[in-house]
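The primary structure of each chain is shown beneath.
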Amino acid sequence: MRQNKEIFLIFAFLYFFTSCSKQDDYLILDTQVGKFVVPLDSTMSFKSRTIQFIDNYLLVLNELKNTIHQFEYPSGRPIEKMSFEYSGESGVGKIVSFLFHNKDSLFLLNSQRQVLLLNNKHFVEWRIPTINLSALKVFPDPIQTRTTSPMVYFEHKIFLNGMIGGMKNILPVPYVDLADKKAYNTYKYPNIAAYTDNLRIEVYYYLYAHTYNTKEKYFVYSFPADDSLRITDFGQIEFAKNAKSSNLGEINPYLEQEKEYADDEYLIVHLEKNYYGSVIYDKYRNLYYRFFTKNVKPADYEKSNTKEDFYLRENGVLVFDRNFEKIAEFLLPIAVYDINNLFVSSDGLAILNQKKCMENEDSLYYDIFKLH
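Residues numbered from 1 in each chain as written. Predicted model: local features only at pLDDT ≥ 70, side-chain atom pairs only at ≥ 80, totals over all residues. Heavy atoms only, no water.

Caption draft 1: Molecular detail of the overall build of the protein chain. For the protein chain, the helix and strand inventory stands at five helices and 25 strands. Residue burial in the protein chain is summarised as follows: out of 372 residues, 52% are buried. Considering only intrachain contacts with a sequence separation of at least 6, the fraction spanning at least 24 residues in the protein chain is 53%. If you sum the accessible surface of the protein chain, you get close to 17,600 Å²; carbon and sulfur atoms cover 49% of it. (Helix = DSSP H or I, 4+ residues; strand = E, 2+ residues; numbered from the N terminus. Buried < 20%, exposed > 50% of the residue type's maximum accessible area, 1.4 Å probe, protein only. Contact = heavy atoms within 4.5 Å. Areas by Shrake-Rupley, 256 points an atom, 1.4 Å probe, with all protein chains shown as cover.)

Caption draft 2: Examining the packing of aromatic side chains more closely. As enumerated under the stated definition, the model contains 40 aromatic pairs in all. Judged by centre distance (4.6 Å) and plane angle (5°), the rings of Phe159 and Phe234 are stacked. You can see Phe159 sitting in strand 12 (residues 157-159) and its partner Phe234 sitting in the loop between strand 17 (228-232) and strand 18 (238-242), a full 75 residues away along the chain. On the basis of relative accessible area, Phe159 is assigned to the buried category, the value being 3%. Look at Phe234 and you get partly exposed, because its relative accessible area is 25%. The ring of Tyr276 carries Arg290 above its face, with NZ or CZ at 3.8 Å from the centroid. (Phe/Tyr/Trp six-rings, centres within 6.5 Å; stacked < 30°, edge-to-face > 60°. Lys NZ or Arg CZ within 6 Å of the ring centre and 35° of its normal.)

Caption draft 3: Quick peek at the nonpolar core. Tyr189, Tyr195, Val220 and Leu229 are the most contacted members of the largest nonpolar core, which totals 37 residues. Core analysis: the next-biggest nonpolar cluster, separate from the first, contains 18 residues, Val60, Tyr73, Leu352 and Tyr366 among them. (Core = buried A, V, L, I, M, F, W, Y, C linked by side-chain atoms within 4.5 Å.)

Caption draft 4: Fine view of the pairing of strand 22 (residues 326-331). By the bridge criterion, five bridges tie strand 21 (residues 315-320) to strand 22 in an arrangement that is antiparallel. Paired with Gly316 across the bridge in strand 22 is Leu331. With antiparallel pairing between neighbouring strands as the criterion, strand 21 and strand 22 make up a hairpin whose turn holds five residues, including Phe324 at a positive phi of roughly 65°. (Pairing = 2+ DSSP bridges.)

Caption draft 5: Quick look at the sheet that holds strand 7 (residues 95-102). Taken in spatial order, the four strands make up an open sheet running 7-8-9-10, and their pairing is antiparallel. A strand with exactly one partner marks an edge of an open sheet, and here the two such strands are strand 7 and strand 10 (124-129). Adjacent strand axes in the sheet meet at a mean angle of 15°, parallel and antiparallel pairs treated alike. By the bridge criterion, four bridges tie strand 8 (residues 105-110) to strand 9 (residues 114-118) in an arrangement that is antiparallel. Bridging across to strand 9, Leu106 finds its partner in Leu118. (Axes fitted to C-alpha atoms, helices over the stretch in contact; angles between N-to-C directions.)

Caption draft 6: Examining the side chain of Asn62 more closely. Among the secondary structure elements, Asn62 is positioned in strand 4 (residues 57-62). Contacts of Asn62, omitting those with residues within four sequence positions, involve Thr43, Met44, Thr67 and His69.

Caption draft 7: Quick look at the pattern of salt bridges. Under the defined criterion, the tally for this structure stands at twelve salt bridges. The salt bridge partner of Arg77 is Glu72, with a shortest N-O separation of 3.3 Å. The class of Arg77 is partly exposed, set by a relative accessible area of 45%. The shortest N-O distance in the salt bridge between Lys303 and Asp300 comes to 3.9 Å. (Salt bridge = Lys/Arg side-chain N within 4 Å of Asp/Glu carboxyl O.)

Caption draft 8: Layout of the sheet that holds strand 21. Reading across the sheet, the four strands line up as 19-20-21-22 and stay open at both edges, with antiparallel pairing between neighbours. Unpaired on one side and paired on the other, strand 19 (275-282) and strand 22 mark the two borders of the sheet. Pairs of neighbouring strands in the sheet enclose a mean axial angle of 20°, with direction left out of account.

Caption draft 9: Region of interest: the environment of Asp338. Here Asp338 lies in strand 23 (residues 337-345). Judged by relative accessible area, Asp338 falls into the buried class, the value being 4%. Along the chain, Asp338 and Lys47 lie 291 residues apart, while their C-alpha atoms are 8.9 Å from each other. Every residue in contact with Asp338, bar those within four places of it in the chain, is listed here: Arg49, Ile351, Leu352 and Gln354.

Caption draft 10: The environment of Lys168, seen in detail. Relative to the elements of secondary structure, Lys168 occurs in the loop between strand 12 and strand 13 (173-177). The spacing of Lys168 and Tyr189 is 21 residues in sequence and 7.2 Å in space, taken between C-alpha atoms. With residues near it in sequence (within four places) discarded, Lys168 still touches Tyr189, Ala194, Tyr195, Thr196, Asp197, Asn198, Leu199, Ile201 and Tyr206.

Caption draft 11: Just the pairing of strand 16 (residues 218-222), in detail. Of all the five residues making up strand 16, five are buried; the element is thus mostly covered by neighbouring parts of the structure. Where burial is concerned, the two faces of strand 16 agree: the one with Tyr218, Val220 and Ser222 and the one with Phe219 and Tyr221 are both buried. When strand 15 (residues 209-213) meets strand 16, the two strands line up antiparallel, connected through five bridges. What sits directly across from Thr211, in strand 16, is Val220. Between strand 15 and the antiparallel strand that follows it, strand 16, lie four residues; Lys217 among them carries a positive phi value of about 60°. As defined by bridge partners, strand 16 adjoins strand 17 across four bridges and the pair is classed as antiparallel. Following the sheet pairing, Tyr221 is matched in strand 17 by Arg230. Remark: five residues form the turn of the hairpin made by strand 16 and strand 17, two consecutive strands paired antiparallel.

It is worth stressing that arrangement in space is one thing and function is another; only the former is reported here.
The following block contains the structure:
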């Protein structure tokens, strides 16, 4: 990325969908151009996997410099750059995720799988390891906590995301209890064949995503092999709602039991599989968006020069109302959007246009989708 001291223009394309009353109607996109201005220096990348949107500003983690950049929305005016030391008395390690709770409470997750609380002067109030070696129990890996699986503050606990591949009986959701400053794990994988039988499945299918409903105060979980969304508050509320895509087809997460896969073989197997991705709650419109990824046909990847998901996969979005009734479903163009870099604002659902970012790496481009 080349150095540039100017403030760059970012174009946010506002898409207005034609009205849709039937579940399987497809939406026709109409485009209106808007502006979103973000300054990027030579160390910042559009590939950051950790952002947080809070009503009128966007926070972006710069993994290369251990900094968090704050921009005003929708003007894009830079507000603050928070820099953190890796080591020493005030060191926080390498940041992999963060949660800005309020001006006095910033939670960090570092690469050593520690959760830290910082005050408004960036002083470390405490740090909690999430791996309990004394009990010889490896905690599920919270390094999966990213933009589409964010840290959540809920009932004096910090919930993260975790995963241990090949251990279906593990409780996959790690959390830190702020009362006793200890780490625990909870919840479960869905009671469906892929997660309960003894067959071998691709590791990706253990990588779940979640969103938090701030109005109802519950979590909504999306598991890659599960047609349903799972709703819970880890206490009184626990139910599932069918959230199946009409585009996805059969989900087959299985691998051959005894086969040793070479890297290129495993890559092909991965491309041939369907799976569900992230889910995000829209508090402004009381909606849910669930993403999915379609498999790649052999004819398509055999003629391609690359086997990367971004260039071959077709992604889609399901839209649900507050009762999880499907109101829309549409497919996204191939090799355009990064469905792991997104946020919801009062304007709509913003998804990073990675194609434009690659054409000009000094700028960020979000397209904003909105139901008409």
